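One-letter residues, chain by chain:
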Amino acid sequence: MIVELGHYALVLALLVALVQASVPLVGAARREPAWMGVAVPASLLFLALILIAFLALMRAYIVSDFSVANVADNSHVLKPLLYKIAGVWGNHEGSLVLWVLMLAIFGAAVAMFGRNLPATLKARVLSVQAMIASGFLLFTLFASNPFARFDPAPAAGGDLNPLLQDPGLAFHPPLLYLGYVGFSMTFSFAVAALIEGRIDAAWARWVRPWTLAAWTALTAGIGLGSWWAYYELGWGGWWYWDPVENASFMPWLLGTALLHSALVAEKRDALKSWTVLLAILTFAMSLIGTFLVRSGILTSVHAFATDPTRGLFILLLLVIAIGGALALYAWRAPTLGAGGVFRPVSREGALLLNNLLLVTAAATVFLGTFYPLFLDALGLGTVSVGPPYYIATFVPLMLPLLLAMGVGPLLAWKRGDLAGALSRLVIAGVCALIAGIAVWWWKSDGPFMAGIGIALAVWIAGATLVEFFGRIGFGRITPRDTLMRLVHLPRGTFGMTLAHLGMAIAIVGMTGSSAWKEEHIAILEPGGSIAAGGYDYRLDAVTRIEGPNYWAYRAQISLLDGDEVVALLMPEKRFYRVQRMPTTEAAIRTTGLADLYAVLGDPNGEGGWTVRIYHEPLVPWIWGGLMIMVAGGLVSLTDRRLRVGAPASVRRVAEAG
Amino acid sequence: MRRLLYILPLAVFGIIAAYFVAGLDPARDPSAVPSALIDRPAPSFTLDPLDPARPLVVSDDLRGEIVLVNFFASWCVPCRVEHPLLQQLAQEQNLPIYGIVYKDQPDAIRRWLHDLGNPYAMVAVDPDSRTAIDFGVYGVPETYVIDRESRIRFRFAGPLDPMTIDEILLPLLAELRE
């Protein structure tokens, strides 16, 4: 009964979305306030209906209602509660419902908090948002219904893929979707502005918080996914350039570009049509990423072809949404006007360079990801390009970007003084040079790029700090005034400083782990040991243990520094009963400067066990850096200017105060 | 002129969408890969072996034998899929398979072979991808059948699958052995 209720709620939601997609749009064209006003209650009703559907599905998972096909395929009575709940979005149909739920939340947020948006813009934004929602709901209801019933109901259920039964992955998809869907908001704003035929600073100011929220969520989501791959797959790597990873990385790259170009659009009223294009492309990448990877077009072409309705539907949705938006862009963007002018050497110029490099980087990742598909479509077989391609194309693009990242914030708007900026950065440059040479000298047997990576990280950190301390007048004015400036500094500035510092820290981690990782593999009998990274790893014993829906071999490995036991590592090799699938649970001990990583492999049948030890220098810095970047995004979101919104109301507040 | 610039994104998207449509076509046969080198002599090469204790891998050594040449890498996921089939082929067909490493580190390949098993009669490294270029390799995995006169008789881009092996590869091998 409740399941049917959920299903009806979805159908009703579709009807509401169709109304919301059309009536306010027509109303905005005819300047009918009543018609435009429909958008607000409609988006709230839409949220309520989707919430009912989502909770109905979640209830089916929690009580293990196996008469629902989706639950029967993906859940099991013995599964822990957290993973029953995570199971809701751990599969294709359920994740679509989660996606629509996020869409509804964002739409309702605009409806509720967008009071000072111009009425026509608000009506159009909510309309476009409802169009996207309608497309997704049509797809959900007709090609991927999560509420389809099984008759007769099976007794136990097929269980969730054991690899997905992990706290890291339980929260990874919701964060990622929050990011993707956040970009749907900027997409809606972009399309609404194209319909409106007008883009001003107020528009850019409205787009920024959504971009920022989406970017922050996506950064956290990618970080969590990468962290999961790092400890769950047991290969000791944190990034594989896998199509699924690239699918989230491409919107991140474009979203980062958008974040910066929206800044120019807001502050200088320039790069407007470019910002609109970026907003469209960023959401396009989110759509292409979610759908094409999910459909299996990349990993296995045949799996995609087996369900032609689903494939065609996906494609149709893509073509209508992205093709439509780009056609609108081709038609309307030339009327948007060029906006403010600037010299090549200026803050705008630096941000434009940032944009060009990020977009090119996203394009190379796109090409690498879809290369198999392109070749296959030409009848040339399914082959893949791997890390060598990305190292040859992506990394060289990042080097100038990271160099410019240090200088950009020091340049003035409109016309910058490059020599002046560089003279302030001498100290950062010297530090970077010393760090690079020190690394090169200290690890002379390591790769040359390691020195460059560390030098760049120091350069960015140094330049960011120079900019920050310069801004608060550190050392130039009295400490009291410095403190006052610090207190009154906009949160957005803190956010930028944090995000750039986080990036520098993450780069140190990435460089260290790719340059100096150690890997040892051996067959150990209890008492045997492996030496790695200055420690000895001694296998003490392997025991069999029972878990809720699996059994496992658990090894006890003593980590020895000289003769002293520093820690006990307990890697496991689990066997999930229902899906008959083994997983590895790596044991990781972090020292802050390195991760000590142990994996238990197979027994050799004669009392020995394959044990793999990875010494992962600086990997914790990657996660630390990403967390600081996310913190930067969150701090920036609390900026008063973003909450206040349009400049008109800033004036009003100022007068009132 | 400026106008064209604004249409460009739409045009690029149109091309990409056309590829996606082509990707959906169920009638498409991804294994039909023509090669300019079919029935021509295999390119000659001299490569370092993965195992330094073994002699150089030279193309002339292939003469007089029917062999499979397989380009692969440890970072390549489809190669992982193909791997058990190669092992089966090597054992059941008594077929020597020459593995040529494509853009990969020797250490990574050693680990890979240690973990997954080694179906290859010989593994050679191709550090500057010269041999891969000579063969016209699109990417990995890619497999060639070479006959006793050192001519390429069959080329397959992408991971071998049981159907291709049963319907194309095995009949071809039987024909060549006669």
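Source: prediction; values computed, not measured. Once a new chain begins, its residue numbering starts again from 1 and follows that chain's sequence as written. Going through the entries in the order they are written, you letter the chains from A and number the ligands from 1. Predicted model: local features are reported for residues with pLDDT of at least 70 only, side-chain atom pairs are reported and counted for 80 or more only, and whole-chain, interface and lining totals are derived from all residues.

Quick notes on the overall build of chain B
What counts, and what does not: Per the convention used, a helix needs a DSSP run of H or I reaching at least four residues, while a strand needs a run of E reaching at least two, with both numbered from the N terminus. Three classes are used. A residue is buried when 20 or more other C-beta atoms lie within 10 Å of its own, exposed when 12 or fewer do, and partly exposed in between, with C-beta atoms placed from the backbone. Throughout, a residue-residue contact means that the two C-beta atoms, derived from backbone geometry, are no farther apart than 7 Å.
Along its length, chain B carries five helices and seven strands. Listing each helix as α and each strand as β along chain B from the N terminus yields α-β-β-β-α-β-α-β-α-β-β-α. If you line up chain B on its principal axes, its C-alpha atoms span 65 × 35 × 30 Å. Within chain B, the fraction of its 178 residues that count as buried is 37%. In chain B, 74% of the contacts between residues at least 6 apart in sequence involve partners at least 24 apart.

Focus: the overall build of chain A
For chain A, the helix and strand inventory stands at 23 helices and 10 strands. Here chain A holds 657 residues, and the buried ones make up 52% of them. Sequence-distant contacts in chain A: of pairs separated by 6 or more residues, those separated by 24 or more amount to 74%.

Things to note about the sheet that holds strand 6 (residues 142–146) of chain B
Threshold: Pairing between strands is defined by DSSP: at least two bridges between them are needed.
The mixed open sheet is built from seven strands, whose spatial order is 2-1-5-4-3-6-7 (chain B). Each edge of the open sheet is held by one strand with a lone partner, namely strand 2 (57–58) and strand 7 (152–157) of chain B.

Description of the domain arrangement of chain A
Rules: Domain delimitation in this document rests on an assignment produced automatically or drawn from a domain database.
Split by domain assignment, chain A resolves into domain 1 (2–333) and domain 2 (518–620). Summarising the inter-unit geometry, the C-alpha centres of domain 1 of chain A and domain 2 of chain A are found 39 Å apart.

Describing helix 6 (residues 92–113) of chain A
Under the convention used in this document: Expected span of a helix: the number of residues minus one, times 1.5 Å.
For helix 6 of chain A, which comprises 22 residues, the first-to-last C-alpha distance of 32 Å matches the rise-based estimate of 32 Å (1.5 Å per residue) to within 8%. Taken across its 22 residues, helix 6 of chain A has 17 buried, putting it largely inside the fold.

Quick notes on the nonpolar core
In plain terms, the rule: As used here, a nonpolar core is made of buried Ala, Val, Leu, Ile, Met, Phe, Trp, Tyr and Cys residues. They are joined through C-beta atoms within 7 Å.
Ranked by size, the top nonpolar core spans 201 residues in total, and within it A:A13, A:V100 and A:I280 carry the most contacts. Per element, the largest residue contribution to this core is 17 residues, and it comes from helix 9 (residues 201–232) of chain A. The residue makeup of this core includes at least three contributed by each of domain 1 (2–333) and domain 2 (518–620) of chain A. Residue contacts for A:A13: discarding those within four places in its chain leaves A:F46, A:L49, A:I50, A:A53 and A:L137. The next biggest cluster of nonpolar side chains, apart from the first, holds 42 residues, and it includes B:L68, B:Y120, B:V123 and B:V145.

Here's the deal with the sheet that holds strand 8 (residues 587–590) of chain A
Residues and elements named next belong to chain A. The condition is simple: An axis is simply a line fitted to the C-alpha atoms; with a helix, the fit covers only the stretch in contact. Between two such axes, the angle follows the N-to-C directions and lies from 0 to 180 degrees.
The strand order across the open sheet formed by four strands is 1-10-9-8, and the pairing between neighbours is antiparallel. Because the sheet does not close on itself, it has two edges, and the strands there are strand 1 (518–524) and strand 8. Looking at each pair of strands side by side, their axes are set apart by 15 degrees on average, direction ignored. Pairing between strand 9 (residues 594–603) and strand 10 (residues 609–617): eight bridges, direction antiparallel. Note on strand 10: the bridge partner recorded for Y597 is Y614.

Overview of the confidence of the model for chain B
As a reminder of what qualifies: Every residue gets a pLDDT, meaning the predictor's confidence in that residue, from 0 to 100.
Per-residue confidence for chain B averages 81 on the pLDDT scale, and 91% of its residues sit at or above 70. Predicted as a complex, the structure gets a pTM of 0.82 and an ipTM equal to 0.76.

With respect to the packing of helix 8 (residues 167–196) of chain A against helix 9 of chain A
Residue and element names in this part refer to chain A. Selection rule: Each angle receives one of four descriptions, namely roughly parallel if under 35 degrees, roughly antiparallel if over 145, roughly perpendicular if within 65 to 115, and oblique otherwise. The hand of a helix crossing depends on one turn: near helix anticlockwise from the far one by less than a right angle means left-handed, and clockwise means right-handed. Any residue outside Ala, Val, Leu, Ile, Met, Phe, Trp, Tyr, Cys, Pro, Asp, Glu, Lys and Arg is labelled polar, Gly included; the first ten of those are nonpolar and the last four are charged.
With their axes 7 Å apart at the nearest point, helix 8 and helix 9 run at an angle of 155 degrees to one another. In terms of orientation, helix 8 lies roughly antiparallel with respect to helix 9. Like other packed secondary-structure pairs, helix 8 and helix 9 cross with a definite hand, here left-handed. Across the contact of helix 8 with helix 9, the residue classes break down as 21 nonpolar, eight polar and one charged.

Focus on the pairing of strand 4 (residues 97–101) of chain B
Within a regular strand, side chains alternate between the sheet's two faces. Residue and element names in this part refer to chain B. Heads up, the rule is: The path from the first strand over the helix to the second decides the hand: if it runs clockwise while the strands point away from the viewer, the crossover is right-handed.
In terms of burial, strand 4 is a largely internal element, five of the five residues being buried. Side-chain alternation along strand 4 places I97, G99 and V101 on one buried face and Y98 and I100 on a second face that is also buried. Where strand 3 (residues 67–72) lies against strand 4, five bridges are found, and the strand directions are parallel. Paired with F71 across the strands is I100, a residue of strand 4. After leaving strand 3, the chain enters helix 2 (residues 77–92) and then returns to the sheet as strand 4, a path that is right-handed. Across four bridges, strand 4 lies against strand 5 (residues 122–125) in parallel orientation.

Some details on the packing of helix 20 (residues 491–516) of chain A against helix 21 (residues 619–637) of chain A
Residue and element names in this part refer to chain A. For the pair helix 20 and helix 21, interaxial distance at closest approach is 7 Å and the crossing angle is 165 degrees. The orientation of helix 20 with respect to helix 21, classified from their angle, is roughly antiparallel. As for the relative orientation of helix 20 and helix 21, their crossing is left-handed in sense. In the contact of helix 20 with helix 21, the residues fall into 18 nonpolar, 11 polar and one charged.

Here we look at the confidence of the model for chain A
Residue and element names in this part refer to chain A. The pLDDT averaged across chain A works out to 84; a share of 90% of its residues lies at or above 70. Scored below 50 in pLDDT, residues 299–306 makes 12 contacts in the model with residues more than four places away or belonging to other chains. Here residues 645–657 is a poorly scored stretch, pLDDT under 50, and it has 14 contacts once near neighbours within four places are set aside; other chains count.

Notes on the environment of A:L194
Here A:L194 lies in helix 8. With residues up to four places along the chain from it excluded, the contact list for A:L194 reads A:V276, A:L328, A:Y329, A:R332 and A:A333.

Some points on unusual backbone geometry
Residue and element names in this part refer to chain A. Of note in this structure, S64 is not a glycine but carries a positive phi near 55 degrees. By the element assignment, S64 lies in the loop between helix 3 (39–62) and helix 4 (69–74). Here S64 falls in the partly exposed class, since 18 other C-beta atoms lie within 10 Å of it.

Topic: helix 1 (residues 2–30) of chain A
Between its first and last C-alpha atoms helix 1 of chain A spans 42 Å; for 29 residues at 1.5 Å apiece the expected length is 42 Å, and the two agree. Following helix 1 of chain A by one or two positions, A:R31 adopts a phi angle in the positive range, close to 55 degrees.

Re the pairing of strand 3 of chain B
With six of six residues buried, strand 3 of chain B lies mostly within the body of the structure. On strand 3 of chain B, burial covers both faces: B:V67, B:V69 and B:F71 on one face and B:L68, B:N70 and B:F72 on the other are all buried.

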